[in-house]
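Here are the chains, one letter per residue:
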Amino acid sequence: MVDAPSDAGTRELDLRLADGHVVRARLAYTSQGPEDAPAYLLLHGYTGSHFALDPNGPAADAGWAAAWAGPGKALDTRRHRVLTMNLPGSAYGSGWDGADSADSAHASVAAMADAACGLLDALGIARLDGAIGYSFGGYVALQLRAARPSRVRRALALCSARQGRGSLDGLDALRRLDDPDKRYAFRVDTLMRNGLAPWAHDQGPQALARELGRVRQWAQEFTPAALWRLRAAAATFSLPAWPSDAALLQAASDALFPPTADRPAQAGTVSTPYGHQALLLDPGPWVGPIAAWIDGRDLSHPTHTGDTP
């Protein structure tokens, strides 16, 4: 197997914040695969990182997409160029300095989509073949397809929606998560309510201990600023309709983004008991449906088991 060319670093670009100020921002990214191959962008969730392909990367969730993205995988980096981007305001390298880094400054989902286009410009990519986003990242993928259809041919949202979740009323509580123990407790509570508890019951105490160790690492890495900035962006995100050539793949047991009648024409549901965390905790059933979308096959059937058609 031939190793795919890879690159990682930061690019600087102008970023318009939600309050209208334009700042000079850093955008952290990775790139793997032939430079002349069809390009895909992977976008992480609310508390995630852009180290999606490398399980040994410098983040608690490193390798979160490695079950289906990488050499020989459904999103094959021998045949596709796969980009990942740390969302502006997150804790893994994308941010800005100066007066506009104060407590009131955050980037909207629309600004994040614009930043993705700035990254494409910097890397010499005229158009993406697809944008794939998990949870919060799905907002950005859908926004990119809706607002910049000339820059992305299609979008796949995983465990996401066209309306953001959360409330601006909760931002102060997130700002108060000012030490790792508080962030650890916050994250464990969220995970247990959204798939980790049934997964731990099935996998046993050793598996749970490993996951909680990753949460401890995350609590050291993530910041209150990242938590509230991304929540503010989520709370104000809304699209009036599903973009054309957008697809949605959901977990049947997801309490955060439950399957509803408001779905695009291309949509599928994965049968899993692990809720919103199923893609990360038990990625196997997702590989077949994701591969189907990448290959241009139909996702409109109501349920997928994860077996490759």
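The structure under discussion appears in the preceding block.
In this report, the structure presented in the accompanying data block is examined. Residue positions are given per chain, counting from 1 as you read along its sequence in written order. Per-residue local features are limited, in this predicted model, to residues with pLDDT of at least 70; the limit for side-chain atom pairs, both in listing and counting, is 80 or more; totals at the level of whole chains, interfaces and linings are taken over all residues. Computation of side-chain values: all heavy atoms of the structure, hydrogens and water removed.

## Regarding the packing of helix H4 (residues 180-203) against helix H5 (residues 205-221)
Axis geometry follows a simple rule: fit a line to the C-alpha atoms, using only the stretch in contact for helices, then measure angles between N-to-C directions, giving values from 0 to 180 degrees. By the criteria applied, helices consist of DSSP H or I runs no shorter than four residues and strands consist of E runs no shorter than two, each listed in order from the N terminus. One can describe the packing of H4 onto H5 by two numbers: an axis separation of 10 Å at closest approach and a directional angle of 155°. Relative to H5, the element H4 is oriented roughly antiparallel. Pair H4 / H5 crosses with right-handed handedness. Split into classes, the residues belonging to the contact of H4 with H5 amount to 15 nonpolar, two polar and five charged. With respect to orientation, any angle under 35 degrees is reported as roughly parallel, any angle over 145 as roughly antiparallel, any angle of 65 to 115 as roughly perpendicular, and every other angle as oblique. In this scheme, a crossing is called left-handed if the near helix is turned counterclockwise away from the far one by less than a right angle; it is called right-handed if the turn is clockwise. Note that Gly is not counted as nonpolar here; it falls among the polar residues with everything else outside the nonpolar set of Ala, Val, Leu, Ile, Met, Phe, Trp, Tyr, Cys and Pro and the charged set of Asp, Glu, Lys and Arg.

## Observations regarding the nonpolar core
Put simply, buried Ala, Val, Leu, Ile, Met, Phe, Trp, Tyr and Cys residues joined by side-chain atoms within 4.5 Å make one nonpolar core. Note on classification: 1.4 Å probe, protein chains only; a residue is buried when its accessible area is under 20% of the maximum for its type, exposed when over 50%, partly exposed between these limits. Judged by nonpolar contacts, the single largest core of 105 residues is most densely connected at Leu15, Leu42, Trp68 and Phe136. Leaving out residues up to four positions away in the same chain, Phe136 has contacts with His44, Gly45, Tyr46, Leu87, Val109, Met112, Leu230, Ala233 and Ala234. In this analysis, two residues are considered to be in contact whenever any of their non-hydrogen atoms come within 4.5 Å of each other.

## Focus: the layout of surface pockets
With a 1 Å grid laid over protein atoms only, a set of points is called a cavity when a 1.4 Å probe fits there but cannot get out and a pocket when it is open yet has protein on both sides within 12 Å along at least five of seven lines; lining residues have an atom within 4 Å of a point. Grid points are joined across faces, edges and corners, and a volume is the space filled by probe spheres set on the points. As a volume, the largest pocket reaches approximately 1,000 Å³. Contributions of two or more residues to the lining of the largest pocket are made by helix H2 (136-147), H4, H5, helix H6 (224-235) and helix H7 (278-281). Each residue belonging to the lining of the largest pocket can be placed in one class, and the counts come to 24 nonpolar, 10 polar and seven charged. Empty space within the second largest pocket amounts to approximately 180 Å³.

## Section: the packing of aromatic side chains
When two rings of Phe, Tyr or Trp (its six-membered ring) have centres within 6.5 Å they constitute a pair, described as stacked for plane angles under 30 degrees, edge-to-face for angles over 60, and tilted for the intermediate range. On inspection of all chains with the given rule, the structure shows eight aromatic pairs. With centroids separated by 6.2 Å and ring planes inclined at 75°, the aromatic side chains of Tyr40 and Trp293 adopt a geometry described as edge-to-face. Taken together, the residues Tyr40 in strand E3 (residues 39-43) and Trp293 in helix H8 (residues 284-294) connect sequence positions 253 residues apart. Aromatic ring contacts, followed pair by pair, group Phe136, Tyr139, Phe237 and Phe257 into a single cluster. Against the face of Trp293 rests Arg154, its NZ or CZ located 4.0 Å from the ring centre. Geometrically, a charge over a ring is one whose NZ (Lys) or CZ (Arg) sits within 6 Å of the ring centre while staying within 35 degrees of the ring normal.

What is shown is where atoms sit, not what they do.
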